[in-house]
Amino acid sequence: MLVNQQTSEHSPLGEDGGKNVIITGASKGIGKAIAEIFAANGHNLFLCSRGEVALYKTVEELITRFPAITIKARPFDVSKKEECIAFGNWCLSFAVPDILVNNAGLFEPGSVYNEPDGTLESQLSTNLLSAYHVTRTVLPKMMERTSAGKNSGHIFNMCSIASLHAYANGGAYSISKFALYGFSKNLREEMKPHGIKVTSVHPGAVLSDSWGNYDNSTKRIMEAGDIARMIYAASQLSTQACVEDIVIRPQLGDL
Ligand SMILES: NC(=O)c1ccc[n+]([C@@H]2O[C@H](COP(=O)([O-])OP(=O)(O)OC[C@H]3O[C@@H](n4cnc5c(N)ncnc54)[C@H](OP(=O)(O)O)[C@@H]3O)[C@@H](O)[C@H]2O)c1
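Please read all numbers here as calculations on a predicted model, not as lab measurements.

A.B. asks: Give me the lowdown on the overall build of the protein chain, citing residues and values where you can.
C.D. replies: Across its full length, the protein chain carries six helices and eight strands. Starting at the N terminus and ending at the C terminus, the protein chain contains elements arranged as β-β-α-β-α-β-α-β-α-β-α-β-α-β. Relative to its length of 255 residues, the protein chain is compact, with a C-alpha radius of gyration of 17 Å against a globular reference of 18 Å. Along the longest, intermediate and shortest principal axes, the C-alpha atoms of the protein chain span 55 × 40 × 35 Å. The buried share of the protein chain, reckoned over its 255 residues, is 51%. The long-range fraction of contacts in the protein chain, counting pairs at least 24 apart against all pairs at least 6 apart in sequence, stands at 72%.

Next up, the structure:
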């Protein structure tokens, strides 16, 4: 099923000032909050997650609240290379993105010495290779457009404080997030002359499904909207300014 909300003002997409924003893992948590803030500010969305129920529920909510924008959403599993490429090409069939948010990720706690066999492979494919392959699929078209002097592009990679500091029980998750940060830093260097900004986002603990039934009644950890607001702010600077890293922690520090 393809969910589509398109108004007559949006043809071709993006030429009315609304940017085209791709977000992976947008059905819940931080990805959903990022989708909400871009939607609230009049931008068009291209979304995926694996499960279709939560994804289409999110789209329905957003369409109801922000009827003037275009939203396209479809399930893809970005832990698989062929689905990353299919998702990127599906997005390109509608528009060249102005902004790509590589957000999809999975937290599997463990330690190198005892996590189940295959954990590293699974964490690398979801947390690192997804960003690499989706980016490689859409980037040439983004570069073509910026070299023609049209706008600038922006890629956000959802790293973590686990990309910056090792900690016990980080295991394959932390390894994959260090690697994602390596990808993001390399991309930043490569894209400097191409008018495409690259921002690495490093949140500490954020309340989301990956925290299960965590009781945040004392407001110990952050809200997904905190991360979304920082990303949106970074997307609003002049073409000559690039926020390279966003590091954001709970006020009381890491857990
Ligand atoms: N929450 C935190 O404390 C925290 C801290 C630092 C960094 N992060 C990072 O922030 C990102 C979002 O995390 P979150 O806490 O918002 O998690 P979440 O609430 O579990 O949401 C994850 C989103 O990604 C999607 N997703 C997962 N695997 C996918 C795949 N293979 N293909 C496509 N979509 C996939 C999920 O939908 P489906 O399950 O339906 O696919 C969901 O929409 C992750 O990269 C995470 O590592 C989170």
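Next comes the rest of the account.
A.B. asks: Explain the state of the cysteines to me, and be specific about the residues and the numbers.
C.D. replies: Scanning the entire structure with this criterion turns up zero disulfides. Unpaired in terms of disulfides, Cys 84 finds its nearest cysteine sulfur in Cys 48, a separation of 8.2 Å. For Cys 84, a relative accessible area of 0% corresponds to the buried category. The thiol of Cys 159 is unpaired, and the distance to the nearest cysteine sulfur, on Cys 242, comes to 13 Å. On the accessibility criterion, Cys 159 (3% relative accessible area) is buried.

A.B. asks: Tell me what's going on with a nonpolar patch on the surface, and back it up with residues and numbers.
C.D. replies: Together, Val 112, Leu 120 and Ile 175 give the surface a local cluster of nonpolar side chains, amounting to about 250 Å² of exposed area. Along the chain, the position of Leu 120 falls in helix H4 (residues 119-147).

A.B. asks: Residues and numbers for the site of the ligand, please.
C.D. replies: Near the ligand there are 30 residues, and of these Ser 27, Ile 30, Arg 50, Asn 103 and Ser 208 occur at the shortest range. In this structure, Tyr 173 approaches the ligand through a side-chain N or O atom, which is 2.9 Å from an oxygen atom. Ser 208 has a polar side-chain atom sitting 2.5 Å from an oxygen atom of the ligand. Isolated, the ligand exposes 870 Å² of accessible area, and the fraction of that covered by the protein chains is 92%. Counting only elements with at least two residues in the shell around the ligand, the list comes to helix H1 (29-40) and helix H5 (171-191). For the shell around the ligand, a count of residues per class yields 12 nonpolar, 13 polar and five charged.

A.B. asks: Which residues make up the nonpolar core, and what values go with them?
C.D. replies: By size, the foremost hydrophobic cluster in this structure holds 36 residues, and its most contacted members are Ile 23, Ile 34, Phe 38, Leu 45, Leu 47 and Ile 227. Residues within four places of Ile 227 in sequence aside, it is in contact with Ile 30, Met 158, Val 201, Pro 203, Val 206, Met 222 and Ile 248. Core analysis: the second largest hydrophobic core is formed by 27 residues, Phe 76, Phe 87, Cys 91 and Val 138 among them.

A.B. asks: Lay out the packing of H1 against helix H6 (residues 224-234) in plain terms, naming residues and giving numbers.
C.D. replies: The contact between H1 and H6 brings their axes to 8 Å, and the two run at 50°. Our classification of the angle between H1 and H6 gives oblique. Along this stretch, H1 crosses H6, giving a crossing that reads as right-handed. Contact with H1, carried on its side by Gly 29, Ile 30, Ala 33, Ile 34, Ile 37 and Phe 38, involves Ala 224, Gly 225, Ile 227, Ala 228, Arg 229, Ile 231 and Tyr 232 of H6 and no other residues of that element. Split into classes, the residues belonging to the contact of H1 with H6 amount to 10 nonpolar, two polar and one charged.

Definitions and cut-offs
Residues numbered from 1 in each chain as written. Predicted model: local features only at pLDDT ≥ 70, side-chain atom pairs only at ≥ 80, totals over all residues. Heavy atoms only, no water. Helix = DSSP H or I, 4+ residues; strand = E, 2+ residues; numbered from the N terminus. Rg over C-alpha atoms; globule rule 2.2 N^0.38 Å. Buried < 20%, exposed > 50% of the residue type's maximum accessible area, 1.4 Å probe, protein only. Contact = heavy atoms within 4.5 Å. Disulfide = S-S within 2.5 Å. Patch = residues over 30% accessible without salt bridge, like charges linked within 9 Å, V, L, I, M, F, W, Y side chains within 5 Å. Areas by Shrake-Rupley, 256 points an atom, 1.4 Å probe, with all protein chains shown as cover. Salt bridge = Lys/Arg side-chain N within 4 Å of Asp/Glu carboxyl O. Near = heavy atom within 4 Å. Polar contact = N/O pair within 3.5 Å; in protein donor to acceptor, adjacent residues only side chain to side chain. Nonpolar A, V, L, I, M, F, W, Y, C, P; charged D, E, K, R; others polar. Core = buried A, V, L, I, M, F, W, Y, C linked by side-chain atoms within 4.5 Å. Axes fitted to C-alpha atoms, helices over the stretch in contact; angles between N-to-C directions. Parallel < 35°, antiparallel > 145°, perpendicular 65-115°, else oblique. Left-handed = near helix turned anticlockwise from the far one by under 90°.

Read these as geometric descriptors, not functional statements.
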